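# Secondary and tertiary structure notes
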Amino acid sequence: MINAQLTTKLLLLLLLFSFTINAQGWCFSLTTNPSPEVEVTAVPVTAITIPVVVHNVYYNDAQRLTETQIQSQIAVLNEDFRSANADLDQVINWYQNKVADMEINFVLADQDPLGNPHSGIIFSPTSIDGIGNDFTNGRRNLCYDDLGGSSAWCTDCYLNIWVADLDFSGVAGVGIFPTEIASGEVPRAEDGVYIQYDRFGRGGTATAPYDLGRTCTHEIGHYLNLLHPWGNVSPPPNCNPSICCPDPVYDDLVDDTEKQTWTYAGLCPSGFQDSCPGNGGPDNYQNFMGFVEDACAIMFTQGQKDRVWDALQTYRPGLLNPDCIEQCVVGTKTPQQVDNLFKLIYSLHGELTLEALAPDLDWTLYNALGQEVSSWRSELAGGFTQQISGVVSGVHFLVVQKGILLQVRKVVL
Ligand SMILES: [Zn+2]
């Protein structure tokens, strides 16, 4: 680890010289400023696969899931987002021709941001009871290693799912809207979805009637910019349809889900249900974005798909980029300082003899004023000599990055 004095100097450099490290009831997801209705159909070129990392932050044994339980959730997502769920045949007539295959697959990441093989599952014990609703200086403890939680992997490239005790009364999950990240309302390090531990996965330890993995499907819907069918704010119970139905607040900004002011929370309706009569068609109470029991939430619509694909292109392009993880340099969380990326063998006559301790390192040399003097990339681990032409002798800082990791060393040239 670099010493405290150098850390202070580095922070000063960061501040003074714009030293950029590529700086870069049920559901609690609300956005103060939803993006408008999609005007143009955003058709996917091809189905995508989103790498997922699951952070199971557990306070006791009951909150620690098995890998099998976690894998069952991934299976549910791959059914629900590909309209491959077995219960899809239950969709009522009105909505049968509106069902959409979202063309999104999910896979547990097989490598971490450094390219090391990984299961995509992090089991992280915590001493904080109810960590999901704990904050330190505005930061959600759940999302940070140093606050007792588990830090995100590069949120531009991975879907981070935290499974823990959320400890909000009755809240099963939270999905962070892409607009909350874009506006800065939520730090990038907290981007993803949070799921109550006993509502995650199918069967096993999940508690009926929320044991079919639909909470996570729903929250990922928010993560991909979908609102509840009644919009961003729940209409008052038994609101007069002549008042609530025309109110534009109560709308999900999707055309083919009919206006709906009932939430059906915890219910499992059937047949023709219409909380806004005369407004087109029945409520899409079977939508994944509603509050019905798991067994009754079974579909997305084409209009929702358009909104999701528009959001992917507008707000989450990293998920469309197969090279995202390779390019994920620092970016989305505080860079983690380490001391095992490289060794300086010696510095002599404007050249540095170095040993890369890992492949694919990005090297940048700064002078004492924080100005970039030289930069290069090494692809392979091993020793090499780097010529630094035209350098003025004196104190420099060599900064080496790999993903979120950062090693800094003072070098006298
Ligand atoms: Zn929700």
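Residues numbered from 1 in each chain as written. Predicted model: local features only at pLDDT ≥ 70, side-chain atom pairs only at ≥ 80, totals over all residues.

A word on the overall build of the protein. Secondary structure summary: the protein contains 8 helices and 16 strands in total. When each of the 413 residues of the protein is scored for burial, the buried share is 43%. (Helix = DSSP H or I, 4+ residues; strand = E, 2+ residues; numbered from the N terminus. Buried ≥ 20, exposed ≤ 12 C-beta atoms within 10 Å, placed from the backbone.)

The strand order across the open sheet built from 3 strands is S10-S11-S14, with neighbouring strands paired in antiparallel fashion. The sheet is open, and its two borders are formed by strand S10 (342-348) and strand S14 (382-387), each paired with just one other strand. With direction set aside, neighbouring strand axes in the sheet form an average angle of 20°. Sheet topology note: the strand S11 (residues 351-356)/S14 ladder contains 6 bridges and is antiparallel. From the neighbouring strand, Leu354 faces S14, where its bridge partner is Phe384. (Pairing = 2+ DSSP bridges. Axes fitted to C-alpha atoms, helices over the stretch in contact; angles between N-to-C directions.)

In this section: the confidence of the model for the protein. Predicted confidence across the protein gives a mean pLDDT of 87, with 90% of residues reaching 70 or more. This stretch, residues 1-24, has a pLDDT under 50; its non-local contacts, to residues over four places away or in other chains, come to 27 contacts. Below pLDDT 50 for its whole length, residues 330-334 participates in 21 contacts with residues either more than four positions away or in separate chains. (pLDDT = per-residue confidence, 0-100. Contact = placed C-beta atoms within 7 Å.)

A few words on the nonpolar core. In terms of nonpolar packing, the biggest core is built from 72 residues, with Val52, Ile161, Val163, Ala164 and Val193 touching the most fellow members. For this core, the secondary structure elements donating two or more residues are strand S1 (48-58), helix H2 (67-80), strand S2 (104-108), strand S6 (159-164), strand S8 (193-196), helix H5 (214-223) and helix H7 (302-315). What Ile161 contacts, discounting residues up to four positions off in sequence, is Val52, Val54, His55, Gly192, Val193, Ile195 and Cys216. In terms of nonpolar packing, the next biggest core, distinct from the first, is built from 17 residues, Leu361, Tyr366, Val400 and Val408 among them. (Core = buried A, V, L, I, M, F, W, Y, C linked by C-beta atoms within 7 Å.)

A word on the packing of H2 against H5. Look at H2 against H5: their axes get within 9 Å of each other, and the N-to-C directions meet at 60°. By the angle class used here, H2 and H5 are oblique. As for the relative orientation of H2 and H5, their crossing is right-handed in sense. Side by side, H2 and H5 meet where Gln73, Val76, Leu77 and Asp80 of the first sit next to Cys216, Thr217 and Ile220 of the second. When grouped by side-chain class, the residues that make up the contact of H2 with H5 number 4 nonpolar, 2 polar and 1 charged. (Parallel < 35°, antiparallel > 145°, perpendicular 65-115°, else oblique. Left-handed = near helix turned anticlockwise from the far one by under 90°. Nonpolar A, V, L, I, M, F, W, Y, C, P; charged D, E, K, R; others polar.)

To continue, consider H7. In a regular helix each residue adds 1.5 Å, so 14 residues correspond to 20 Å; H7 covers 19 Å between its end C-alpha atoms and thus fits that length. Where the residues of H7 are buried, they touch helix H4 (178-182). (Expected span 1.5 Å × (residues − 1).)

Turning our eyes to something else, we now look at the pairing of S10. One ladder, built from 6 bridges, connects S10 with S11; its direction is antiparallel. Looking at S11, one finds that Tyr346 is bridged to Thr353.

Here Ala208 and Pro209 are connected by a cis peptide whose omega angle stands at 5°. Take Pro209: it is sitting in the loop between S8 and H5. Not every positive phi belongs to a glycine, and Ser83 is a case in point at roughly 45°. With respect to the helices and strands, the residue Ser83 is situated in the loop between H2 and helix H3 (93-96). On the basis of neighbour counts, which here come to 17 C-beta atoms within 10 Å, the residue Ser83 falls in the partly exposed class. Within the chain, Asn238 stands out as a residue other than glycine whose phi angle is a positive 60°. Here Asn238 lies in the loop between H5 and helix H6 (241-244).

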